[in-house]
Amino acid sequence: MSLERRISLITLGVADVARSTEFYARLGWTKSSASNDQVTFIQLKGTALGLFSRASLAEDAHVADTPQGFSGITLAYNVSSEIGVDAVVKFAVSCGASLVKSPEKVFWGGYSGYVADPDGHLWEIAFNPFFPQDEHGHVVLPE
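Reading the values: the criteria
- Residues numbered from 1 in each chain as written.
- Predicted model: local features only at pLDDT ≥ 70, side-chain atom pairs only at ≥ 80, totals over all residues.
- Heavy atoms only, no water.
- Helix = DSSP H or I, 4+ residues; strand = E, 2+ residues; numbered from the N terminus.
- Rg over C-alpha atoms; globule rule 2.2 N^0.38 Å.
- Buried < 20%, exposed > 50% of the residue type's maximum accessible area, 1.4 Å probe, protein only.
- Contact = heavy atoms within 4.5 Å.
- Areas by Shrake-Rupley, 256 points an atom, 1.4 Å probe, with all protein chains shown as cover.
- Lys, Arg positive; Asp, Glu negative; His and termini not counted.
- Charge placed at Lys NZ, Arg CZ, Asp CG, Glu CD.
- pLDDT = per-residue confidence, 0-100.
- Domains from an automatic or database assignment.
- Buried area = accessible area lost by both parts, 1.4 Å probe.
- Pairing = 2+ DSSP bridges.
- Axes fitted to C-alpha atoms, helices over the stretch in contact; angles between N-to-C directions.
- UniProt positions renumbered as here; feature names shortened; annotations may be inferred.

Here we take up the overall build of the protein chain. What the protein chain contains, in helices and strands, is 3 helices and 7 strands. Shown N-terminal to C-terminal, the secondary structure of the protein chain runs as helices and strands in the order β-α-β-β-α-β-α-β-β-β. What you see for the protein chain is a C-alpha radius of gyration of 16 Å, in line with the 15 Å of a compact globule of 143 residues. A burial count over the protein chain gives 33% of its 143 residues as buried. Partitioning the intrachain contacts of the protein chain with sequence separation of at least 6 by distance along the chain shows that 48% fall at a separation of at least 24. When the accessible surface of the protein chain is split by element, carbon and sulfur atoms take 57% of a total near 9400 Å². Taken as two groups, the 10 positive and 16 negative side-chain charges of the protein chain have centres that lie 4 Å from each other.

Right, dumping it as structure tokens:
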């Protein structure tokens, strides 16, 4: 048996579901009718985003809810140009994100910056000339 290469749902553990839902709504991301006061679901292209209490998410996974810091994971939002990176970073900050790293040319040959959502989840906003996007905005990796 082998599994299909996909991620169905990414769930972020957040301090306040309502606050985080408002932040993502300011980005223009609409919550699904499957949402309720305890969890928000947002349909993305090819996957979905969940916002759930950090403590409840840790409890559900049977792990300790350790202090916040770098979690070892970032989420990426790729765009098709350097100008696009600058625009998305500026927009995210205007919606309440914190600027973590201003956009700049990076060692691997692209251009990116980092913002953090209200719970500190890091989002890399990137232009990667080596990973083109298809007509739907999905990253296309080389074979």
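Here we come to the confidence of the model for the protein chain. On average, the protein chain scores 93 in pLDDT, and the residues at 70 or more come to 100%. Here helix H2 (residues 54-61) stands out as the least confident element of the protein chain, with mean pLDDT 92; helix H1 (residues 17-26) is the most confident, with 98.

Next up on the list: the domain arrangement of the protein chain. Domain assignment breaks the protein chain into domain 1 (1-61) and domain 2 (71-130). Measuring from the centre of the C-alpha atoms in domain 1 to the corresponding centre in domain 2 gives 20 Å. With 13 residues of domain 1 at the interface, the matching set in domain 2 holds 12 residues. Here domain 1 packs against domain 2, burying approximately 1000 Å² in sum over the two surfaces, 66% of which is carbon and sulfur.

On to the sheet that holds strand E6 (residues 111-116), then. Reading across from one edge, E4-E7-E6-E5 is the order of the 4 strands in this open sheet, with mixed pairing throughout. Here the strands that pair on one side only, and so sit at the sheet edges, are strand E4 (75-79) and strand E5 (98-105). Adjacent strand axes in the sheet meet at a mean angle of 15 degrees, parallel and antiparallel pairs treated alike. Summarising the sheet, E4 and strand E7 (residues 122-127) pair through 5 bridges and their orientation is parallel. For Leu 75, the partnering residue across the bridge sits in E7 and is Trp 123.

Attention now goes to the UniProt feature "domain: VOC" (unreviewed entry) in the protein chain. Mapped onto the present numbering, the UniProt feature "domain: VOC" (unreviewed entry) falls on residues 6-128. End C-alpha to end C-alpha, residues 6-128 measures 21 Å, and it is 25% helix and 34% strand.

The next thing to look at is unusual backbone geometry. Backbone geometry places His 62, a non-glycine residue, at a positive phi of 60 degrees. Under the relative-accessibility criterion, His 62 is labelled exposed at 74%.

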